[in-house]
Amino acid sequence: MGCDKALLPYRGAALAQYVARELERAAGQVALVGDPARYGHLGYPVVRDLAPGAGPLGGICSALRSSAAAWNLVLACDMPGVKAALLARLLAEAERGEQDCLLPAGPSGRPEPLCGVYHQRCLPVLGAALARGVRKIMDGLAGTRVRILAIRDEGVFDNCNTPEEWAAHADKTPGGGI
């Protein structure tokens, strides 16, 4: 997109802060994964990415390695449509199930691994996949028990990868902005 999406202004805060507040309302605690010097001012603990350049799979591994919780909600910072109620539902569903990972799937039916609930049991499998050069999260989850939960809400998992997507989302969201 040509800029750091986490720092885009959104509803009176940086986009990462807005998304982190929704996550905090659902889970009680939040940590950001990235460069502490870059994101430390956002008001949340920042976990250093242990695999910089490895993409989201590396970020998930870094998050799990730093967490003492058995279940961990993992959420991309560029999904401003995700709300605390949905995140709380995902966490509760995961805690009741037998799976290693719970991923929502929106109306498209495609799993959303960057809005998922990961058990610590995933870490050895994901870490081994990362060490083999795997970068796709779904490929890294091979060998784990993944449960997909259908979510019918439109726009919940919209992310902002281009200036046009960002402008369209910000225009549809009261109080949103660029």
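See the structure printed just above.
Residues numbered from 1 in each chain as written. Predicted model: local features only at pLDDT ≥ 70, side-chain atom pairs only at ≥ 80, totals over all residues. Heavy atoms only, no water.

**Q** Would you mind going over the nonpolar core with me for this structure?
**A** In globular proteins that are soluble, nonpolar side chains generally tend to be buried together. One finds Leu87 and Leu90 to be the most contacted residues of the largest nonpolar core, which totals 38 residues. The dominant element in this core, judged by the number of residues it contributes, is helix H1 (residues 15-27), at seven residues. Residue contacts for Leu87: discarding those within four places in its chain leaves Glu22, Leu23, Ala26, Leu73, Leu75, Val82 and Cys115. Of all hydrophobic cores here, the second largest spans 18 residues; its members include Ala51, Tyr118, Cys122 and Val134. (Core = buried A, V, L, I, M, F, W, Y, C linked by side-chain atoms within 4.5 Å. Buried < 20%, exposed > 50% of the residue type's maximum accessible area, 1.4 Å probe, protein only. Helix = DSSP H or I, 4+ residues; strand = E, 2+ residues; numbered from the N terminus. Contact = heavy atoms within 4.5 Å.)

**Q** I would appreciate a short explanation of the packing of aromatic side chains in the present structure.
**A** The geometry of an aromatic ring pair comes down to the distance between the two centres and the angle between the two planes. Scanning all chains against the criterion turns up one aromatic pair. Aromatic pair Tyr10 and Tyr18: ring centres 4.9 Å apart, planes at 75°, arrangement edge-to-face. According to the relative accessible area criterion, Tyr18 is buried, its value standing at 7%. (Phe/Tyr/Trp six-rings, centres within 6.5 Å; stacked < 30°, edge-to-face > 60°.)

**Q** Before we go on, may I ask you to explain a nonpolar patch on the surface in this structure?
**A** On the surface, Met138, Val146 and Ile148 cluster together into a nonpolar patch covering about 210 Å² of accessible area. Its location among the elements puts Ile148 in strand S8 (residues 146-150). (Patch = residues over 30% accessible without salt bridge, like charges linked within 9 Å, V, L, I, M, F, W, Y side chains within 5 Å. Areas by Shrake-Rupley, 256 points an atom, 1.4 Å probe, with all protein chains shown as cover. Salt bridge = Lys/Arg side-chain N within 4 Å of Asp/Glu carboxyl O.)

**Q** Help me understand the sheet that holds strand S5 (residues 71-75) in this model?
**A** To summarise the sheet geometry, strands pair through backbone hydrogen bonds and adopt either a parallel or an antiparallel arrangement. Ordered in space as S5-S7-S6-S8, the four strands form an open sheet in which the pairing is mixed. The sheet is open, and its two edges are formed by S5 and S8, each paired on a single side. Averaged over all neighbouring strand pairs, the angle between strand axes comes to 20°, with direction disregarded. Bridge count between strand S6 (residues 101-105) and strand S7 (residues 115-119): two bridges; the pairing is antiparallel. When the bridges of S7 are listed, Cys101 appears paired with Tyr118. Relative to the sheet, helix H4 (residues 84-96) contacts S5, S6, S7 and S8, its axis offset from that of S5 by approximately 145°. (Pairing = 2+ DSSP bridges. Axes fitted to C-alpha atoms, helices over the stretch in contact; angles between N-to-C directions.)

All we've got here are geometric facts, nothing functional implied.
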